[in-house]
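Close look at the chain arrangement
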Amino acid sequence: MHKLLAALTLAITPFIGSAQAQNATVVELYTSQGCSSCPPADAMLEDLAKRDNVIALALHVDYWDYIGWVDDLADPAYTARQRAFARAKGSRTVYTPQMIFDGRDHIIGSRPMDVMDQIMAHAARSDDVNVTLTRDGNALRIEAQRVGNFRGNAVVQIVRYTPKVMRDIHRGENAGRTIVYANVVTSWQNVGGWNTNQSLVMEAQLTGADPVAVIIQDGTDGPILGAAQLR
């Protein structure tokens with residue numbers, strides 16, 4: 001059995017009586033407090049976050065900050081991730097609100113029927129990698145096995161997020177509104193590569209009580225092969 005030693009503090013705490021998580025569809029919403037067309041997508045992501053078979057993640061981007069309201073939840077790294085997905089699809093532009101499903105399908109995130117169609121389609125497909133997470137206090141154990149046709153190296157990523165954030169917006173396109181944001185990503189850490197021809201066991205230390213998701217992906221702009229979360 002292969003053990004990946006990434007740039008993390010390794011934990012040796014026994015994982016006794018802890019919860020487990022299994023695979024789910026990853027929905028990334030690229031949004032901004034300064035985007036007038038984003039609130040319906042933000043609300044939709046809040047609904048998706050309640051589903052056990054969905055990992056709903058809000059990534060706030062910074063390219064609308066110039067229009068009068070700086071999004072304090074935005075991170076240039078999330079803008080870079082969105083642009084990398086666009087380049088991989090052969091597109092020169094990015095936009096909000098955009099939802100990306102399992103790193104594969106890109107849609108306008110404010111269209112309910114399109115969102116539900118994607119949820120159903122991705123729920124019906126099999127993952128290439130099974131991911132199981134176990135948490136005991138601050139100790140996180142990640143296990144993964146290839147179960148599909150994918151061959152080669154994958155990237156292991158640990159994501160932390162805040163389940164609910166409320167903001168009163170005073171300027172810009174959403175001036176005067178109070179908006180609730182669900183599952184706001186606060187940290188997206190690439191913790192190393194994994195040869196999927198071997199089983200993966202990784203142990204890492206977490207800080208804080210926020211939920212955690214682990215995403216295993218073909219590179220950082222390719223399809224997501226498998227993912228799991230612990231709320």
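This one's a predicted model, so the numbers in the text were calculated from it and none came from an experiment. (Residues numbered from 1 in each chain as written. Predicted model: local features only at pLDDT ≥ 70, side-chain atom pairs only at ≥ 80, totals over all residues. Heavy atoms only, no water.)

Notes on the packing of aromatic side chains
Rules: Two rings from Phe, Tyr or Trp (for Trp, the six-membered ring) form a pair when their centres are within 6.5 Å of each other. A pair whose planes differ by under 30 degrees is stacked, one over 60 is edge-to-face, and the rest are tilted. Per-residue accessibility, obtained with a 1.4 Å probe over protein chains only, is compared with the maximum for each type, and a residue is labelled buried under 20%, exposed over 50%, and partly exposed between these values.
Counted according to the given criterion, the structure contains 2 aromatic pairs. A centroid spacing of 6.5 Å and a plane angle of 35° characterise the contact between Trp64 and Tyr66, whose relative ring orientation is tilted. With a relative accessible area of 26%, Trp64 lands in the partly exposed category. Three or more aromatic residues joined by ring pairs make a cluster, and in this case those are Tyr63, Trp64 and Tyr66.

So, the pattern of salt bridges
Quick note on the threshold: Each salt bridge in this description consists of a side-chain nitrogen of Lys or Arg and a carboxyl oxygen of Asp or Glu lying within 4 Å of one another. In this description a helix means any DSSP run of H or I spanning at least four residues, a strand means any run of E spanning at least two, and both kinds are numbered starting from the N terminus.
One pass over the full model with this rule turns up 7 salt bridges. The partner of Asp52 in a salt bridge is Arg231, with the nearest N and O atoms 3.4 Å apart. With Asp52 in the loop between helix H1 (39-48) and strand S4 (54-60) and Arg231 in the segment after strand S13 (224-230), this residue pair connects regions lying 179 residues apart in the sequence. For Asp52, a relative accessible area of 66% corresponds to the exposed category. Ionic pairing is found between Arg141 and Glu143, a salt bridge with its closest N-O pair at 3.6 Å. According to the relative accessible area criterion, Arg141 is partly exposed, its value standing at 22%. The exposure class of Glu143 is partly exposed, given its relative accessible area of 25%. Connected via shared salt-bridge partners are Arg141, Glu143 and Glu203.

Details of the pairing of strand S5 (residues 98-101)
Quick reminder of the rule: Any two strands between which DSSP finds at least two bridges are classified as paired.
Neither face of S5 is left uncovered, since the one carrying Gln98 and Ile100 and the one carrying Met99 and Phe101 both have all their residues buried. By the bridge criterion, 4 bridges tie strand S3 (residues 25-31) to S5 in an arrangement that is antiparallel. When the bridges of S5 are listed, Val27 appears paired with Phe101. Pairing geometry for S5 and strand S6 (residues 105-108), over 4 bridges, is antiparallel. The residue of S6 that forms the bridge with Phe101 is Asp105. Linkage of S5 to S6, two consecutive antiparallel strands, is achieved through a turn of 3 residues, within which Asp102 is found at a positive phi near 55°.

Some thoughts on the environment of Ser32
As a reminder, the rule being used: Whether two residues are in contact is decided by their heavy atoms, any of which lying within 4.5 Å being enough.
Looking at where Ser32 falls in the secondary structure, it is placed in the loop between S3 and H1. Along the primary structure Ser32 and Pro97 are separated by 65 residues, whereas in three dimensions their C-alpha atoms are 7.8 Å apart. Look past the residues within four positions of Ser32 in its chain and what remains in contact with it is Cys38, His60, Val61, Trp64, Asp71, Asn174 and Tyr181.

Points about the nonpolar core
For clarity, the threshold we go by: Here, the term nonpolar core denotes a set of buried Ala, Val, Leu, Ile, Met, Phe, Trp, Tyr and Cys residues that are joined through side-chain atoms within 4.5 Å.
If you look at the biggest cluster of nonpolar residues, it comprises 22 residues, and the most contacted ones within it are Leu140, Val214 and Ile216. In contact with Val214, not counting residues within four places along its chain, are Val131, Leu133, Leu140, Ile142, Val156, Gln157, Ile158, Gly226, Ala227 and Ala228. Ile55, Tyr63, Phe85 and Ala86 belong to the second-largest nonpolar core, a separate cluster that totals 21 residues.

Digging into helix H2 (residues 76-88)
The following threshold applies: In a helix, the anticipated span is given by 1.5 Å times the number of residues less one. We define a polar contact as two N or O atoms separated by no more than 3.5 Å, with the added condition that, inside protein, one atom must be a possible hydrogen donor and the other a possible acceptor, whereas residues neighbouring each other in sequence contribute only through side-chain atom pairs.
Look at H2: 18 Å from first C-alpha to last across 13 residues, which is about the 18 Å you get at 1.5 Å a residue. Within H2, the full set of buried residues consists of Tyr78, Thr79, Arg81, Gln82, Ala84, Phe85 and Ala86. Where H2 begins, the side chain of Asp75 points an oxygen toward the backbone nitrogen of Ala77, at a separation of 2.8 Å. Positive phi appears at Gly90, one or two residues downstream of H2, with a value of about 80°.

A short note on the confidence of the model for the protein
This is how it is decided: Residue-level confidence of the predictor, termed pLDDT, takes values from 0 up to 100.
Scored by pLDDT, the protein has a mean of 91; 90% of the residues are at 70 or more. Contacts for the low-pLDDT stretch residues 1-17, under 50 throughout, to residues beyond four places or in other chains number 43 contacts.

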